[in-house]
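# Observations on chain architecture
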Amino acid sequence: MAQNANAVETYDVTTIREDISDLLKSISPTDTPIYSMAKQRSAGNTYVEFAELDLATAVNNNAVAEGDNPTNDAGTLPVRKGTYTQIADKLVEVTSTDEAVNGVAGAQKLASQIAFKVKELKRDIEMSLTKNAIGNAGAGNGATARVTAGLPAWLSSNSSRGTSGADPTVSGGVPNAGATDGTQRNISETLLSDVVASCWENGADPKQIVCGSAVKQAISGFSGNASKYLDYAGQGMGERAIIAGFSVYESDFGRMTVSPNRFQRGRDCFVLDPEHIHVATLQPLTQKPLAKTGHGSRTLIATEYGFYAYHKANGIVADLNT
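Reference entry: report on the structure contained in this document.

Rules used throughout
Residues numbered from 1 in each chain as written. Predicted model: local features only at pLDDT ≥ 70, side-chain atom pairs only at ≥ 80, totals over all residues. Heavy atoms only, no water. Helix = DSSP H or I, 4+ residues; strand = E, 2+ residues; numbered from the N terminus. Buried < 20%, exposed > 50% of the residue type's maximum accessible area, 1.4 Å probe, protein only. Contact = heavy atoms within 4.5 Å. Areas by Shrake-Rupley, 256 points an atom, 1.4 Å probe, with all protein chains shown as cover. 1 Å grid on protein atoms, 1.4 Å probe; cavity = no way out; pocket = protein on both sides within 12 Å on 5 of 7 lines; lining within 4 Å. Points joined across faces, edges and corners; volume = space filled by probe spheres on them. Core = buried A, V, L, I, M, F, W, Y, C linked by side-chain atoms within 4.5 Å. Expected span 1.5 Å × (residues − 1). Pairing = 2+ DSSP bridges. Axes fitted to C-alpha atoms, helices over the stretch in contact; angles between N-to-C directions. Salt bridge = Lys/Arg side-chain N within 4 Å of Asp/Glu carboxyl O. Phe/Tyr/Trp six-rings, centres within 6.5 Å; stacked < 30°, edge-to-face > 60°.

On to the overall build of the protein chain, then. Helix and strand counts for the protein chain come out as 5 helices and 17 strands. A total of 322 residues make up the protein chain; the buried ones form 37% of that total. When contacts within the protein chain are restricted to residue pairs at least 6 apart in sequence, long-range pairs at least 24 apart make up 72% of them. Entry remark: accessible area of the protein chain is about 18700 Å², with carbon and sulfur atoms responsible for 49%.

Taken as a whole and assessed by the stated rule, the structure comprises 1 cavity of 30 Å³ or more. Roughly 40 Å³ of internal volume is contained in the largest cavity. Lining the largest cavity are Phe50, Glu52, Lys81, Ala153, Trp154, Ser156, Pro168, Val170, Ala309, Tyr310 and His311.

Glancing now at the nonpolar core. Leu192, Ile219 and Cys269 are the most contacted members of the largest nonpolar core, which totals 54 residues. Considering each element in turn, this core owes the most residues, 6 residues, to helix H3 (residues 110-129).

The terminal C-alpha atoms of H3 lie 29 Å apart, and with 20 residues this matches the ideal 28 Å at 1.5 Å per residue to within 8%. Residues of H3 that are buried include every one of Leu110, Ser112, Ile114, Val118, Leu121, Ile125, Glu126, Ser128 and Leu129, and no others.

Taken in spatial order, the 4 strands make up an open sheet running S1-S15-S16-S4, and their pairing is mixed. If you trace the sheet from one side to the other, it starts and ends with strand S1 (39-42) and strand S4 (86-95), each paired once. Averaged over all pairs of adjacent strands, the angle between strand axes in this sheet comes to 30 degrees, irrespective of strand direction. Bridging between strand S15 (residues 277-289) and strand S16 (residues 296-309) involves 10 bridges; their strand directions are antiparallel. From the neighbouring strand, His278 faces S16, where its bridge partner is Tyr308.

Burial analysis of strand S12 (residues 247-251) places 4 of its 5 residues in the buried class, the great majority of the element. Bridge count for S12 against strand S13 (residues 254-260) is 5 bridges, and the pairing is antiparallel. Paired with Ser247 across the strands is Val258, a residue of S13. The turn linking S12 back onto S13 is made up of 2 residues.

A few words on the pattern of salt bridges. A full pass over the atoms with the stated rule returns 15 salt bridges. Put simply, Arg267 and Asp181 hold a salt bridge, and the shortest N to O gap is 3.7 Å. Here the residue Arg267 occupies a position in the loop between S13 and strand S14 (269-272), and Asp181 occupies one in the loop between strand S7 (174-177) and helix H4 (189-201), the gap between them amounting to 86 residues. Overall, the relative accessible area of 15% leaves Arg267 in the buried class. Counted as one network, the salt bridges with shared partners bring together Asp181, Arg265, Arg267, Asp268 and Asp319.

On to the side chain of Ser160, then. Relative to the helices and strands, Ser160 is located in strand S5 (residues 158-160). Once you skip the residues sitting within four places of it in the chain, Ser160 turns out to touch Arg185, Leu191, Val195, Ile316, Val317 and Ala318.

On to the packing of aromatic side chains, then. A full pass over the atoms with the stated rule returns 6 aromatic pairs. On the basis of an interplanar angle of 5 degrees and a centroid distance of 4.3 Å, the ring pair of Phe50 and Tyr308 is categorised as stacked. In this pair, Phe50 is assigned in strand S2 (residues 47-52) and Tyr308 in strand S16, connecting sequence segments 258 residues apart. By relative accessible area, Phe50 is classed as buried at 6%. What makes Tyr308 buried here is its relative accessible area of 3%. Plain terms: the ring middles of Trp200 and Phe253 are 4.9 Å apart, the flat faces sit at 25 degrees to each other, and that makes the pair stacked. Of this pair, Trp200 sits in helix H4 while Phe253 sits in the loop between S12 and S13, placing them 53 residues apart in sequence.

The next thing to look at is unusual backbone geometry. Notably, Ser164 is not glycine yet its phi reads approximately 75 degrees, a positive angle. Its location among the elements puts Ser164 in the loop between S5 and strand S6 (169-171). The exposure class of Ser164 is exposed, given its relative accessible area of 56%. The phi dihedral of Asp319 falls on the positive side, at around 60 degrees, and the residue is not glycine.

This part covers the environment of Tyr84. Among the structural elements, Tyr84 can be located in strand S3 (residues 79-84). Of the residues examined, Tyr84 reaches a relative accessible area of 15% and is grouped as buried. Distance in space between the C-alpha atoms of Tyr84 and Asn45 is 8.7 Å, their sequence separation being 39 residues.

This is how it looks when you write it as structure tokens:
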């Protein structure tokens, strides 16, 4: 049927209001597995130190004759290690006009911008904790920022690396060379189980595997994968519920949670004992209003932290295909 003459169509109207939902959603991920699982402690200086103790190697011939006059054994003393703290910040400025206008879900307002920047800052920290970098050789200066060492720079004992790959090194208790990347290869259950066993033999109790998406998918296909389900009987969710975001790997030394991490290098797969990775905070995360600049309001969001891990308690399967 033909349209009647002079019918008003939407095509002819220029004053129709925009239809923009006030429900603001972000698809950007904010999960930070390493930062979230690390033990938290306060720092009292820009140089964060810890003591690492190794017992003497066990022997099978500790037998002495009756009446023997034994000689002294070497003392069992800890080794001091450390890293520098790192300042991380976000600075946001919003004009008075932005505060006054009616924006979608108020996203342009100062309070919303602060909330967004806090999430962004945590993502930055997660990437810093997992970078293959040694941090500063010194305390920095007015022109050089202090940088804390990343997790791969601490993992020198329980490691599996590709051809030409090399462990990081420590000098004077401070990481002085990051890991050398080797030839990439596919993750396998043998590679992973060997590193888990090495951690256990060195006295650790590894409970977490943290890796990128490709490695996570490969691990999900291992024969040692215990389950992708957990029982929720009596909790209003039926007898079994699918748990998205992690699976459980049944190793020879106990069950381990496998967590994907969007912010680490895909070539690294960490085997971790959360009791032995630490974030030491010198300045807690704070929001500080700065002096107004004309018609704008500025807020500084900042924190200062150092990161370290005990090398014999944690491990890495490195140089993996992504």
